[in-house]
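Listed below, chain by chain, are the residues.
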Amino acid sequence: MKKPNFPTSRSFSLEPNASAGSPSALSPYVDNGTDIFTTERYHDIEFARKEWTHMWRKTWSLAGLASDIPNTGDYFKYDVGPESFIVVRTGSGDHDISAFYNVCHHRGNRLIFDDFGSVDKFVCAFHLWSWNIDGSLLNIQDRETFREEVVCDNPPLTEVRCEIWQGLVFINMDPDAAPLLEFLDVLPEHLAPFNIADMTIIKDLQTEWPCNWKIAHDAFVEVYHVQSVHPEILPFLNDYQVQWDLYANGMSRMLLKFGEVSPHFEDQEAVNEGLKALLDEAGVDPEAYSGEPDGVRKAIQQGKREKARRLGLDYSAFTDNQLTDDWNYSIFPNVTFNAHPEGLLIQRFRPHARDPQKSVYDLMVLIHPVDDPKYRVPAYMGVEDDVAISGKVRPERRHIAYGEEGLGMVISQDAVMMGHMQQGVQSHGYAGARYSEQEQQLRHWHLELARYMNGEK
Ligand code: FES
Ligand SMILES: [Fe+2]
């Protein structure tokens, strides 16, 4: 394919006939201007402090998975920036989950230390104050030795907002925040066919990166760098003809065509090995495929429908394009989703507790389990061949060092850039980011951050 003209609408449309406002439709262009963004956001401690009070303390943030706390008393810990939270199941209903600051009211000890656990009460290890799982005070050890004024309020654990969407648990430190579903804007409608609530986690990885959380985040909200950083995927990913859509509250997405040769790739004639591998994964014999390269995406879509029928999976809610393409969402402020019919790859970028030049990167892969020993998760989900995909075993969370193996080829290639970027953005010779329209999601995102920083939000 010859590189197509960049459209005057400033985005390609992958489904031009989709009715306006439907999940596949290209949304109206949002003119976010042409400003260059300042760089202290990536390194300055004062910026980080203000970002915490102005943005982080007001926004919804993905804490974890409801499926990790199936029984009453099960909890997980969610650390973000300088704070730590306990998310605990308080009953058997879908929404019986509460979240508290992970701190003891006596002298400020942390209450829990493990990522996951199960309790019938929270007991502080320092002087044994304890709380019920609903956060109410259970006991103050040697209470008779306190003057009544000190403890007369029987302090409950300090609660934060906690809401659940599709089995994903979000928290918000702002008691006055709009409800989660409102915050997520169009995403719940768009992602409904993927049925995330029925997915199961098969990969869970955490690592510390030598860069501000936004440097890491920004690298996953554009595919402009694919031609240089990930040339291996050009044979089967169209990284140029992309649909970008910008939504309310800093949310956005890009729709990426898999199964199509990139205009940046030299050989446009052959049904290359990458396309063949995708055909194969879709259950289409690549040697029997006699069409042109530009027919492969359609063939994969048909193959996947057939395969779903064989495996007893219901793909009726998906459009053809959703079967091949990466529905790639940016969930403000710090999460990206790569949604595919087979599953969901979640990336989360967390600020470091003290150092704005470091961050925590989380990678989670969720899939719809398939009860067939021969079933393989497509390569683009980034899971190793030996990963159990039955959905019956919750994988252990792996903590890996920067540079250590486990992220998969593509994300490892991105990770290499992070340290260099962190240094470069602090150079006197650098004035700030100049975004192309291929990076319009980033401009949209940083303008939303600016609204928090200047007090508009
Ligand atoms: S710090 Fe928790 S009981 Fe004293
Ligand atoms: Fe990348």
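This structure is a prediction, so every number in the text was calculated from the model and none was measured. (Residues numbered from 1 in each chain as written. Chains lettered and ligands numbered in written order. Predicted model: local features only at pLDDT ≥ 70, side-chain atom pairs only at ≥ 80, totals over all residues. Heavy atoms only, no water.)

Asker: Looking at this structure, how should I read the coordination of the iron ion (ligand 2)?
Answerer: Ideal coordination angles are 109.5 degrees for a metal with four donors arranged tetrahedrally and 90 or 180 degrees for a metal with six donors arranged octahedrally. Here the iron ion (ligand 2) is held by His225 (NE2), His230 (NE2), Asp414 (OD) and Asp414 (OD), and the distances to it run 1.9 to 2.6 Å. Each of the four donor atoms bound to the iron ion (ligand 2) contributes to angles spanning 56 to 150 degrees, and the resulting shape is irregular. In the primary structure, the donors to the iron ion (ligand 2) are separated according to the pattern H-x4-H-x183-D. Taken as a pair, His225 in the loop between helix 5 (213–219) and helix 6 (226–229) and Asp414 in helix 10 (residues 409–424) lie far apart in primary sequence, 189 residues in all. Just as His225 is buried, Asp414 falls in that class too. (Donors = N, O, S within 2.8 Å, 3.2 Å for Na, K, Ca; no water. Tetrahedral: all angles 85-135°; square planar, octahedral: opposite > 155°, others 65-115°. Helix = DSSP H or I, 4+ residues; strand = E, 2+ residues; numbered from the N terminus. Buried < 20%, exposed > 50% of the residue type's maximum accessible area, 1.4 Å probe, protein only.)

Asker: Would you mind going over the side chain of His446 with me for this structure?
Answerer: Considering the arrangement of structural elements, one finds His446 in helix 11 (residues 440–453). Apart from residues lying up to four places away in sequence, His446 is in contact with Phe37, Arg41, Tyr42, Asp218 and Tyr435. (Contact = heavy atoms within 4.5 Å.)

Asker: It is not clear to me how the sheet that holds strand 8 (residues 137–139) should be interpreted in this structure. Could you clarify?
Answerer: The strands that make up a sheet are held in pairs by hydrogen bonds between backbone atoms, and each pair lies either parallel or antiparallel. Spatial strand order, 6-7-8: three strands in an open sheet with antiparallel pairing. The sheet is open, and its two edges are formed by strand 6 (121–123) and strand 8, each paired on a single side. Going from strand to strand, the sheet's axes swing by 30 degrees on average, the running direction of each strand aside. Two strands pair when backbone bridges link them, and strand 7 (residues 130–132) and strand 8 are joined in this way by two bridges, in the antiparallel orientation. Within strand 8, the residue paired with Ser130 across the bridge is Asn139. (Pairing = 2+ DSSP bridges. Axes fitted to C-alpha atoms, helices over the stretch in contact; angles between N-to-C directions.)

Asker: Got a minute to help me understand the nonpolar core in this structure?
Answerer: Nonpolar side chains in soluble globular proteins tend to end up buried together. Among the nonpolar cores identified, the biggest contains 119 residues, and Ile196, Trp209 and Phe337 are the most heavily contacted of them. Here this core takes six residues from strand 17 (residues 359–367), the largest share from any one element. Shared between two domains, this core takes at least three residues from each, and those domains are domain 1 (1–59 + 185–457) and domain 2 (61–183). The residues contacting Ile196, other than those within four sequence positions of it, are Trp165, Gln166, Leu168, Leu191, Phe337, Leu344 and Leu366. Leu111, Cys124, Trp129 and Leu157 belong to the second-largest nonpolar core, a separate cluster that totals 16 residues. (Core = buried A, V, L, I, M, F, W, Y, C linked by side-chain atoms within 4.5 Å. Domains from an automatic or database assignment.)

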